[in-house]
Amino acid sequence: MAVNCDIPDALIVALRDARHICILTGAGVSAESGVPTFREAQDGLWAKHDPHDLATPDAFLADPVLVWRWYRWRRDLVAEAEPNPGHHAIARLAELVPRLTLVTQNVDNMHQRAGSRDVIEFHGNIFEDRCFADGSLQVGDPTTAVPMCSECGSHLRPGVVWFGESIPEQALHESCAAASDCDVFLSIGTSSLVYPAAGLADLARQNGATVAEVNPNPTMHAGSFDYALAGNSGVVLPELVNCLAV
Ligand code: APR
């Protein structure tokens, strides 16, 4: 049984018995790394810009130079941050259980830098360049104002999902399949306001999984989850992993 930890024993037992754990993370898991959400990031010369006016296909077509300048600025911000103990705990958890599926709404590549593999990225990855025409993964010239696709000559775009765009089909399919199959679902650092990501916990619950959230500010779903661990993921997750590892 769990010793010296505040994680409910029954949750530790459920995790220990789980054949498959599914985790959904949001911006909160990167908060302790100092990664600003793009709303928080709007300071200095970007203060006058609303992210909704920059993170859209129309904004890119209207002014690709401005949009690339914004994303390169954000890439530098994120690259300066480091994965925190919460990211590392999730990577460690994958070694302790038979199967772990990690779905993230974040584009900051922090889970991968902490050692997590096969991360399902609901909103893409800010460090990727993709062809604007066909979405293929490309390598853009970082020295040009608007990098071009070496295969078709179109503009390249940052590899993130913009407002008004749909979630990548494979990411959605794999996430729903994992939520439907898992024995335990952990919703970590997300306000659970943006669908379809916010619907994954319900899918897990409908399929009999134990559902827990980790968030210092209990979300509107907390009451319907089995457990709502009110704390910072950088503190709660290492504790949860330590309880499991004993
Ligand atoms: N540990 C855990 N959770 C935290 C921490 C922390 N240290 N700090 C903050 N949080 C929680 C907040 O209480 C909040 O509920 O993280 C959540 C972050 O919520 P949002 O900022 O809404 O981020 P997210 O849920 O990822 O948003 C989903 O919406 O903004 C769009 O595309 C964007 O991917 C994003 C999506």
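For the structure given in this document, a descriptive report is provided here. These figures come from a predicted structure and were not determined experimentally.

Applying the stated criterion across every chain, the model contains 9 salt bridges. Arg 19 is paired through a salt bridge with Asp 183; the nearest N and O atoms lie 3.1 Å apart. In this pair, Arg 19 is assigned in the loop between α1 (9–17) and β1 (21–25) and Asp 183 in the loop between α6 (169–181) and β7 (184–188), connecting sequence segments 164 residues apart. Under the relative-accessibility criterion, Arg 19 is labelled partly exposed at 42%. Since its relative accessible area comes to 25%, Asp 183 is described here as partly exposed. Across the pair Glu 95 and Arg 92 runs a salt bridge whose closest N-O atoms are separated by 3.6 Å.

Using the criterion set out here, one finds 4 aromatic pairs in the structure. Ring geometry for Trp 70 against Tyr 71: centres 4.9 Å apart, planes inclined by 70°, an arrangement best described as edge-to-face. An identical accessibility class is assigned to Trp 70 and Tyr 71; each is buried. Each ring, one from Tyr 71 and one from Trp 162, has its centre 6.4 Å from the other, and the planes form 50°; the classification is tilted.

Reading guide: rules and limits
- Residues numbered from 1 in each chain as written.
- Predicted model: local features only at pLDDT ≥ 70, side-chain atom pairs only at ≥ 80, totals over all residues.
- Heavy atoms only, no water.
- Salt bridge = Lys/Arg side-chain N within 4 Å of Asp/Glu carboxyl O.
- Helix = DSSP H or I, 4+ residues; strand = E, 2+ residues; numbered from the N terminus.
- Buried < 20%, exposed > 50% of the residue type's maximum accessible area, 1.4 Å probe, protein only.
- Phe/Tyr/Trp six-rings, centres within 6.5 Å; stacked < 30°, edge-to-face > 60°.

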